[in-house]
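# Analysis of the macromolecular model
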Amino acid sequence: MSSDERKIRSTTVVAVLRDGKGAIGSDGQVTLGNTVAKHGAVKVRKLYHGKVLVGFAGGAADAFTLWEKFEAHLERYNGHLRRATVELAREWRSDRILRRLEAMMIVMDKSDTYVVSGNGDIIDSDDAIAAIGSGGPYALSAARALLQNTDLAARDIVRKSLEIAGGVCIYTNTNITVLDLDEGEE
């Protein structure tokens, strides 16, 4: 098996803020080479007493490591998203082991949405929408169109944009998990 055949492609994550309410969602597919290895992976979670939503693109072990580190920063900075995000990016970039992780995260609260990478990148969304992963560009385009042209709630935009991405991207399925800042899991 070549390295490309062993490469894991596994994620579409999208986040939307609208009218003070936020939602994040992901598909469930994990692809190993040209094979679907898993249909129901959960790539999003709530942190800091349900006040912060996080989505992850990358390997599961990397996700758990980064989620734990990010949650520790949230606790240290009393839930201040921007400060915790900057500290995570700094640690991720400078730590010899963490910087080898090939991953991206979306972090959000009721006010802000950031895309974070191991290169130290922190991208603040211009339009309250962020997307990562193999189907990210499709989900981002769909979410932007839905935000601009409908009155759908944030969670409905997230779900619909993931459904659209799942119909286009071969590394994305429609086994979708959506989390809200205000409500439970769907």
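These lines cover the structure that appears in this document, whether it is placed above or below. Model, not experiment: these values are computed from the prediction.

## Considerations on the pairing of strand β6 (residues 44-47)
Judged from the 4 bridges that link them, β6 and strand β7 (residues 52-57) form a sheet pairing that is antiparallel. The residue of β7 that forms the bridge with valine 44 is glycine 55. Between β6 and β7, which pair antiparallel and follow one another directly, the connecting turn spans 4 residues, one of which, tyrosine 48, has a positive phi of 45°.

## Some points on the sheet that holds strand β11 (residues 129-133)
Pairing in this open sheet of 4 strands is antiparallel, and the strands run β11-β2-β3-β12 from one edge to the other. The strands lining the two open edges of the sheet, one partner per strand, are β11 and β12 (177-180). Recorded for the sheet is a direction-independent mean angle of 10° between the axes of neighbouring strands. Of the pairings in the sheet, the one linking strand β2 (residues 12-18) to β11 comprises 5 bridges and is antiparallel in character. Note on β11: the bridge partner recorded for valine 14 is alanine 131. Contacting β2 and β11, helix α4 (residues 136-149) runs over the sheet at an angle of about 160° to β11. With respect to the sheet, helix α5 (residues 154-168) is in contact with β2, β3 (21-26) and β12, its orientation differing from that of β2 by roughly 150°.

## With respect to the environment of glutamate 163
Looking at the element boundaries, glutamate 163 is found in helix α5. With 30 residues separating them along the chain, glutamate 163 and glycine 133 place their C-alpha atoms 15 Å apart. Once you skip the residues sitting within four places of it in the chain, glutamate 163 turns out to touch Thr174 and Ile176.

## Focus on the pattern of salt bridges
This structure, assessed with the given rule, holds 8 salt bridges. Measuring nitrogen to oxygen at the nearest pair gives 3.5 Å for the salt bridge that ties glutamate 87 to arginine 83. Taken as a pair, glutamate 87 and arginine 83 lie in helix α3 (residues 81-94) at a separation of 4 residues, close to a single helical turn. Take glutamate 87: its relative accessible area is 12%, and that puts it in the buried class. Through salt bridges with shared partners, one network takes in Arg83, Glu87 and Arg90.

## Some remarks on the nonpolar core
Of all hydrophobic cores here, the largest spans 22 residues; its most connected members are Leu66, Phe70 and Met105. With near-sequence residues (within four places) excluded, methionine 105 lies in contact with Val54, Gly55, Phe56, Leu66, Trp67, Phe70, Leu88, Trp92, Tyr114, Val115, Val116 and Ile132. Counting residues in hydrophobic clusters, the runner-up holds 17 residues, among them Val16, Ala131, Leu140 and Val158.

Calculation notes
Residues numbered from 1 in each chain as written. Predicted model: local features only at pLDDT ≥ 70, side-chain atom pairs only at ≥ 80, totals over all residues. Heavy atoms only, no water. Pairing = 2+ DSSP bridges. Helix = DSSP H or I, 4+ residues; strand = E, 2+ residues; numbered from the N terminus. Axes fitted to C-alpha atoms, helices over the stretch in contact; angles between N-to-C directions. Contact = heavy atoms within 4.5 Å. Salt bridge = Lys/Arg side-chain N within 4 Å of Asp/Glu carboxyl O. Buried < 20%, exposed > 50% of the residue type's maximum accessible area, 1.4 Å probe, protein only. Core = buried A, V, L, I, M, F, W, Y, C linked by side-chain atoms within 4.5 Å.

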